[in-house]
Amino acid sequence: MLVLGIQKNGRKKKVVHVDNVPNGFKCDCICPNPDCADQLSAKNNCKEMSNHFAHRTRVEGRTCLMSQLHLAAQHYFLPLKSFTFPKHVFTYDGCTLETLPKTVVVKSVELEASVDKFRVDVLLHTEVGPIIIEILVTSKCSDEKSEFLTRSKRPAIEYDLSSFVDAELEQTMAMLANNAVPYEWIYGWSQRQLIESYLEEKEAERKKELLKQKRSAAKSASKLIAGRYLMLPSIDEQFECTLEGEVFKEEVRLFTRKEFKLLSLEIDSEQEEYLLLKGTASNSQGSRQIWAAYVYTPDIPNELKAINDAVVVRIPARGDKAISTWRWLNNPKLNQLRAEKMREFQEQCSQELVQLKAARQYFENVSVLAKQYADNQDTYFHQGYGIWKRWLIDNNLFTPSASKKNPSIPRLIKEHRKHPHLWMFDTWHVLLIAKLAKIIDDIPINTLIDSIEVFSELSREFGLHPAYLEIEFNVHRKFLDESTRHLVLRKQVIGSTLSLFMISGAIKYRESGYYRVGSLLSDLMR
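Remember, predicted model here, so these are calculated numbers, not experimental data.

In this section: the sheet that holds strand 13 (residues 183–187). One key point about sheets: their strands pair by backbone hydrogen bonds, in either a parallel or an antiparallel sense. Sheet architecture is open: six strands sit in the order 6-9-10-11-12-13, paired in mixed fashion. Edge positions in the sheet fall to strand 6 (82–85) and strand 13, since each has one partner strand and no second. When the angles between neighbouring strand axes are averaged without regard to direction, this sheet yields 40°.

Let us look at the sheet that holds strand 19 (residues 274–283). As summarised here, the arrangement of the five strands in space is 18-19-20-21-22, forming an open sheet in which the pairing is mixed. The two strands at the open ends of the sheet, each matched to only one other strand, are strand 18 (264–270) and strand 22 (325–330). Averaged over all adjacent pairs, the angle separating strand axes in this sheet is 25°, with direction ignored. Strands in contact with helix 4 (residues 191–227) are strand 18, strand 19, strand 20 (286–295), strand 21 (310–315) and strand 22; relative to strand 19, the strand with the most contacts, it is inclined by about 15°.

Our focus in this paragraph is the packing of helix 9 (residues 429–441) against helix 10 (residues 451–462). When two helices pack together, their arrangement is given by the angle between their axes and by how far apart the axes lie. Two elements in contact, helix 9 and helix 10, have axes whose closest approach is 10 Å; the angle formed by their N-to-C orientations is 130°. Overall, the two elements helix 9 and helix 10 adopt an arrangement that is oblique. Classified by chirality, the crossing of helix 10 by helix 9 is right-handed. Touching Leu431, Leu432, Lys435, Leu436, Ile439 and Ile440 of helix 9 are Val454, Glu457, Leu458, Glu461 and Phe462, all from helix 10. Of the residues belonging to the contact of helix 9 with helix 10, the class tally is eight nonpolar, no polar and three charged.

With respect to the helices and strands, Asp309 occurs in the loop between helix 5 (302–305) and strand 21. Discounting residues that sit within four places of it in the chain, Asp309 has contacts with Gln289, Trp291, Asn330 and Pro332.

Let us now look at the pattern of salt bridges. Applying the stated rule across the entire model yields 25 salt bridges. A salt bridge links Asp394 to Arg390; the shortest N-O distance between them is 3.5 Å. Residue Asp394 and its partner Arg390 are both found in helix 7 (residues 377–394); the two are separated by four residues, about one turn of the helix. Residue Arg390 is classed as partly exposed on the basis of its relative accessible area, which comes to 47%. Close ionic contact of Arg526 with Asp523 constitutes a salt bridge, the shortest N to O distance being 2.5 Å. Relative accessible area serves as the criterion here: at 63%, Arg526 is assigned to the exposed category. The class for Asp523 is buried, based on a relative accessible area of 10%. Put simply, Lys140, Glu158 and Glu184 are held in one network by salt bridges that share partners.

Turning to the nonpolar core, a few remarks are in order. Counting residues in each nonpolar core, the largest one holds 56 residues, and the members touching the most others are Trp423, Phe425, Leu436, Ile440, Leu498, Phe501 and Leu520. Sorting elements by how many residues they give to this core places helix 9 first, with nine residues. The contacts of Phe425, once residues within four sequence positions are left out, are Leu432, Phe455, Leu458, Ser459, Phe462, Gly463, Leu464 and Val493. Cys27, Phe53, Val109 and Ile157 belong to the second largest nonpolar core, which has 44 residues in total.

Further remarks concern the confidence of the model for the protein. Here the protein averages 92 in pLDDT, while 99% of its residues score no lower than 70. Confidence scores differ between elements of the protein, with helix 12 (residues 482–488) showing the lowest mean pLDDT of 85 and strand 12 (residues 156–160) the highest of 96.

With respect to burial, strand 10 (residues 118–126) is a largely interior element, seven of its nine residues being buried. Joining the antiparallel neighbours strand 10 and strand 11 (residues 129–136) is a turn of two residues.

With that settled, consider unusual backbone geometry. With a phi close to 50°, Asp426 is a non-glycine residue in the positive phi region. Position of Asp426 among the secondary structure elements: in the loop between helix 8 (411–414) and helix 9. A positive phi angle is found at Asn446, which is not glycine, with a value near 60°. Within the secondary structure, Asn446 is located in the loop between helix 9 and helix 10. The partly exposed category is assigned to Asn446, whose relative accessible area is 45%.

Examined against the element boundaries, His55 turns out to sit in strand 5 (residues 52–55). Judged by its relative accessible area of 13%, His55 falls in the buried class. Excluding anything up to four places from it in sequence, His55 contacts Leu2, Cys31, Cys36, Asp38, Gln39, Leu40, Glu60 and Cys64.

A few words on the packing of aromatic side chains. Per the stated rule, a full pass over the model turns up 22 aromatic pairs. Measuring from centroid to centroid gives 5.5 Å for Phe83 and Phe85, while their planes differ by 80°, and the two rings are edge-to-face. Given a relative accessible area of 5%, Phe83 falls into the buried group. Overall, the relative accessible area of 0% leaves Phe85 in the buried class.

In this model, the largest pocket occupies a volume close to 500 Å³. Taken together, the elements giving at least two residues each to the lining of the largest pocket come down to strand 2 (12–17), helix 1 (62–77) and helix 3 (169–177). No other element matches helix 1, which puts six residues into the lining of the largest pocket. Looking at side-chain class alone, the lining of the largest pocket contains 14 nonpolar, five polar and four charged residues.

Conventions used here
Residues numbered from 1 in each chain as written. Predicted model: local features only at pLDDT ≥ 70, side-chain atom pairs only at ≥ 80, totals over all residues. Heavy atoms only, no water. Pairing = 2+ DSSP bridges. Helix = DSSP H or I, 4+ residues; strand = E, 2+ residues; numbered from the N terminus. Axes fitted to C-alpha atoms, helices over the stretch in contact; angles between N-to-C directions. Contact = heavy atoms within 4.5 Å. Parallel < 35°, antiparallel > 145°, perpendicular 65-115°, else oblique. Left-handed = near helix turned anticlockwise from the far one by under 90°. Nonpolar A, V, L, I, M, F, W, Y, C, P; charged D, E, K, R; others polar. Salt bridge = Lys/Arg side-chain N within 4 Å of Asp/Glu carboxyl O. Buried < 20%, exposed > 50% of the residue type's maximum accessible area, 1.4 Å probe, protein only. Core = buried A, V, L, I, M, F, W, Y, C linked by side-chain atoms within 4.5 Å. pLDDT = per-residue confidence, 0-100. Phe/Tyr/Trp six-rings, centres within 6.5 Å; stacked < 30°, edge-to-face > 60°. 1 Å grid on protein atoms, 1.4 Å probe; cavity = no way out; pocket = protein on both sides within 12 Å on 5 of 7 lines; lining within 4 Å. Points joined across faces, edges and corners; volume = space filled by probe spheres on them.

Shown next as structure tokens:
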């Protein structure tokens, strides 16, 4: 409901509350909405509803309530003697800066004040300077005005009352007084000071870091000059070669880090951004210059980049745990080194292509042998069941009786029948897994299992398929893909078998490998 009106008093107009004017049309008020401006009647003796204004010829519209809210918010600030700035958080240079709430003395207040070519809703003159208040009811502060206020660094805040049009006016004003309505600082009252303070701290930190880098550089340079040597860093590059559709990649070392003795080494110049050392080296072809620069920031100065001789630079450490690193800025022989290493790499790739083709033939054979092993367990059963039964009896794991003359296949293995990764042992998988369980059970609880040794123990007892021995001898492990690694690599063969006991809980896998936490034989014979 409308509770504020504009009262005419000659040429002057003032905002009045319905409780403070005569009843009826004697109030001499009009609607605060300039597009309406209808005569108002004060209903200030209401019994069943709160006092309010009623329009004479028009219907009270939402725009009338919006104008009332905007007017009320403006006039809320008019009598203030103090004002509490709400918190301001903003990002500058990638850092979050914050101003906590602050109460200041208000010296005077202007409504609809002129600021340059713009009109502002409220202009507070405070002990810390002028503060602009914008009231959002229908539309936000224009981009042009916001950009002007920000550019000219004029503190300004916009309160958003757009969701309070239908709320009780007194309640809304109470929330505004407590900064409990949405707001946005267009430009913070202390933003300029915060930025200046931040930049001062940053500059002080820069100077502190610069001094630290200069001292470190001077200490290191003194050591090098005294010894007349430089530590020349390694050069590593990623090479790539494609042959017959196969892509070969490798990180190649073009130059290996080494200590390089010099005829002389001295300080050439010391600038604000770097310390430059000049060294002289000689060989059978004569003398040459080599330069070492200590740069104090990660950015390499252009004058260093312009040096045509060999140049190494030390990049400063960043952070408490970081260390300074040397790298080549210019190496006149780099192209020659790169060409030589590329030729070697291409020759290596040609050899590896031949090996890769041969390896794929082996892998096809492995896949066939592994499938045959997994599919022909009936044959292996007839060969191995009797041996397995005798082994169980000898190890007190089974005792024949009138009701049960033969042991049953373990339920754990029945549920996981095929184990192609055990093909190289050419033995019934149940017997193999039982023997593996016995080997593992002899390892202390919570001790890392040596999978290679377990594989070796099984191979000593059962032997290895000739095809497996041939693959191990002829195929480098780098040619193995994910689909064949568990069929060839000893560690992965055992790991694939141990995963069976991870299901039962007797084996746990940790970052360092497999550990026994229970009895594998007990789980197997359960």
